Amino acid sequence: MAEILTEILKIPPVTRFLVVSSLGITLSAITNLVSPYRLVFITQVVVNKLELWRLYTSFFLGSMNLNYIFELVMLYRNSNTLESTHYERRSSDYAWQLFLASIALIGVNRPIQSFLHGRALFHTLTYLMCSLSPPGALTSVMGLVTIPIVYFPYALLGMDLLMGGTTAAAQGVSGMLVGHAWWWLIWGSGIGSGGVEQGMYAGWGRAPAWLKSWFGERNEYGRAGSRRGSVQAFAPRQRAEEAAASGRVTGYSWGSGRRLGDS
C-alpha cells in the first residue's frame, strides 16, 4: 500500500487532482453510491437550488462503461505531459489557467445544453498539448495509425462523431475552441515546445500570489522576463539594470577611451 501511495505522489499535483477526481466521482456513480443525476450539470438546479457541487462533478463523471478506461488514460497522459514539460515547476500557473478554461467551457457549452463537461475538458487539454508539441512530432491513434500530432485532436473528434453522434462531437468542438483560445491568448501563435507564454493575455495566466504560496512556489517572473522550467529570459536592459544595482560588472571593460587628437 505504501508503494502505491508513493507512486501516486510522484504524479504532478494538478494531474493527480484530475485523475483522483475522475476516479472518485465516476466509480461512485458506477457503484450506485451516488445517483448520476446528482452529479450532472443542470442550470436551473445550480442557480435556483444552489447545488454548486455540480459545477465540479460535471467535469469528472466519465462514461460508465469500458470507454472510461480510455478516457482516464488519455486524461492522465495529456495533463501529465503539459504539467511535466510546459508547466514544469509551475503547477500553480497550470491550475489557474485550467480554472479559467473550465469557466469558459461551461459558458461555451450552454447553447448545446450539455449536462457533462468532461469530454470538452479532454479535448481542451488534447488541443493545447498538441499545439505545444514540437513541429513534426508524430502520435499514434489507438495504436493503429501514426499521424502528425497536430491532427490528433481532429482524429479524436472524428471518433466522437462516429461513436457518440453529433452531441458528443459538439462537446468536442467546444473543447477544441477553448483549447485554441488558451493556446492563442496565453501562449501565442508559433510558440512550440520549449517556448514561454507570449500571448496577448499571458499576464492573465499567471497564478495569483496566494495560489503560488499554496503550491509552495515562488514568484520567479522578472519585470520583463518569462520563465519556463528552470530557464528564465530577460531583456538586455533589465540585465544591465540589475547588474548595476547589485554592483556586478558584466562584459569586458574597455577603459575610459580617448578622444581623437588628444595627446
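Residues numbered from 1 in each chain as written. Predicted model: local features only at pLDDT ≥ 70, side-chain atom pairs only at ≥ 80, totals over all residues. Heavy atoms only, no water.

Asker: Can you walk me through the overall build of the chain in this structure?
Answerer: For the chain, the helix and strand inventory stands at ten helices and four strands. Start at the N end of the chain and walk to the C end: the helices and strands fall as α-α-α-α-α-α-α-β-β-α-α-β-β-α. In the chain, 60% of the contacts between residues at least 6 apart in sequence involve partners at least 24 apart. Split by element, the accessible area of the chain, about 15500 Å² in all, is 64% carbon and sulfur. (Helix = DSSP H or I, 4+ residues; strand = E, 2+ residues; numbered from the N terminus. Contact = heavy atoms within 4.5 Å. Areas by Shrake-Rupley, 256 points an atom, 1.4 Å probe, with all protein chains shown as cover.)

Asker: Just to check I follow, could you spell out the confidence of the model for the chain for this structure?
Answerer: Caution is warranted with low-pLDDT regions, since their predicted coordinates should not be read in detail. With 81% of its residues at a pLDDT of 70 or more, the chain shows a mean pLDDT of 83. Within the model, pLDDT remains below 50 along residues 222-246, and this stretch shows 41 contacts once partners closer than five positions in the same chain are excluded. Note on residues 248-257: pLDDT is under 50 here. Beyond four places in sequence and across chains, it has three contacts. (pLDDT = per-residue confidence, 0-100.)

Asker: Honestly, the pattern of salt bridges in this entry has me stumped. Any pointers?
Answerer: Any two side chains of opposite charge can pair, given that their charged atoms come close. Going through the model one piece at a time under the given rule, you end up with seven salt bridges. The residue Arg-90 makes a salt bridge to Asp-93 at a minimum N-O spacing of 2.8 Å. Of the two residues, Arg-90 and Asp-93, neither departs from the other in class, the shared state being buried. Put simply, Asp-160 and Arg-119 hold a salt bridge, and the shortest N to O gap is 2.9 Å. Here Asp-160, found in helix α8 (residues 152-187), pairs with Arg-119, found in helix α7 (residues 118-131); they are 41 residues apart in sequence, far enough to count as distant. Look at Asp-160 and you get buried, because its relative accessible area is 11%. One salt-bridge network, held together by shared partners, links Arg-90, Asp-93, Glu-197, Arg-206 and Lys-212. (Salt bridge = Lys/Arg side-chain N within 4 Å of Asp/Glu carboxyl O. Buried < 20%, exposed > 50% of the residue type's maximum accessible area, 1.4 Å probe, protein only.)

Asker: Would you take a moment to explain the layout of surface pockets for this structure?
Answerer: It is a probe the size of a water molecule, rolled over the atoms, that shows where empty space is left. Reported here for the largest pocket is a volume of approximately 650 Å³. Taken together, 25 residues form the lining of the largest pocket, with Ser-63, Asn-67, Glu-71, Arg-119 and Asp-160 sitting closest to its centre. Mapped onto the lining of the largest pocket, the elements with two or more residues apiece are α5 (67-86), α7 and α8. Across the lining of the largest pocket, the residue classes break down as 14 nonpolar, eight polar and three charged. (1 Å grid on protein atoms, 1.4 Å probe; cavity = no way out; pocket = protein on both sides within 12 Å on 5 of 7 lines; lining within 4 Å. Points joined across faces, edges and corners; volume = space filled by probe spheres on them. Nonpolar A, V, L, I, M, F, W, Y, C, P; charged D, E, K, R; others polar.)

Asker: Just to check I follow, could you spell out unusual backbone geometry for this structure?
Answerer: Here Asn-32, not a glycine, exhibits a phi torsion of approximately 65°, which is positive. Summarising the element assignment, Asn-32 is placed in the loop between α2 (13-30) and α3 (43-48). You can call Asn-32 exposed: its relative accessible area is 63%. A positive phi angle is found at Gln-113, which is not glycine, with a value near 50°. Within the fold, Gln-113 resides in the loop between α6 (91-108) and α7. When its relative accessible area of 59% is taken as the criterion, Gln-113 is described as exposed.

Asker: How do you make sense of the packing of α6 against α7 when you look at a structure like this?
Answerer: Interhelical geometry of α6 versus α7 gives an angle of 130° and a closest axis separation of 11 Å. Relative to α7, the element α6 is oriented oblique. The two elements α6 and α7 cross, and the hand of that crossing is right-handed. Contact with α6, carried on its side by Tyr-94, Leu-98 and Leu-105, involves Ala-120, Leu-121, Thr-124 and Leu-125 of α7 and no other residues of that element. Here the residues of the contact of α6 with α7 sort into six nonpolar, one polar and no charged. (Axes fitted to C-alpha atoms, helices over the stretch in contact; angles between N-to-C directions. Parallel < 35°, antiparallel > 145°, perpendicular 65-115°, else oblique. Left-handed = near helix turned anticlockwise from the far one by under 90°.)

Asker: Looking at this model, I keep getting lost on the environment of Asn-80. Mind explaining?
Answerer: For Asn-80, the position within the fold is in helix α5. Since its relative accessible area comes to 18%, Asn-80 is described here as buried. Here the alpha-carbon distance between Asn-80 and Arg-16, two residues 64 residues apart in the chain, equals 8.6 Å.

Asker: Would you mind going over the packing of aromatic side chains with me for this structure?
Answerer: Geometry of an aromatic ring pair is reported as the spacing of the ring centres plus the angle between the planes. The full count for this structure, using the stated rule, is nine aromatic pairs. A ring pair is formed by Tyr-56 and Phe-60, whose centres lie 5.2 Å apart and whose planes are at 55°; its orientation type is tilted. Residue class for Phe-60 comes out buried when judged on its relative accessible area of 7%. Linked through ring pairs, Phe-17, Tyr-56 and Phe-60 together constitute an aromatic cluster. Here the guanidinium or amino end of Arg-54 rests over the ring plane of Tyr-37, the centre of that ring lying 5.1 Å away. (Phe/Tyr/Trp six-rings, centres within 6.5 Å; stacked < 30°, edge-to-face > 60°. Lys NZ or Arg CZ within 6 Å of the ring centre and 35° of its normal.)

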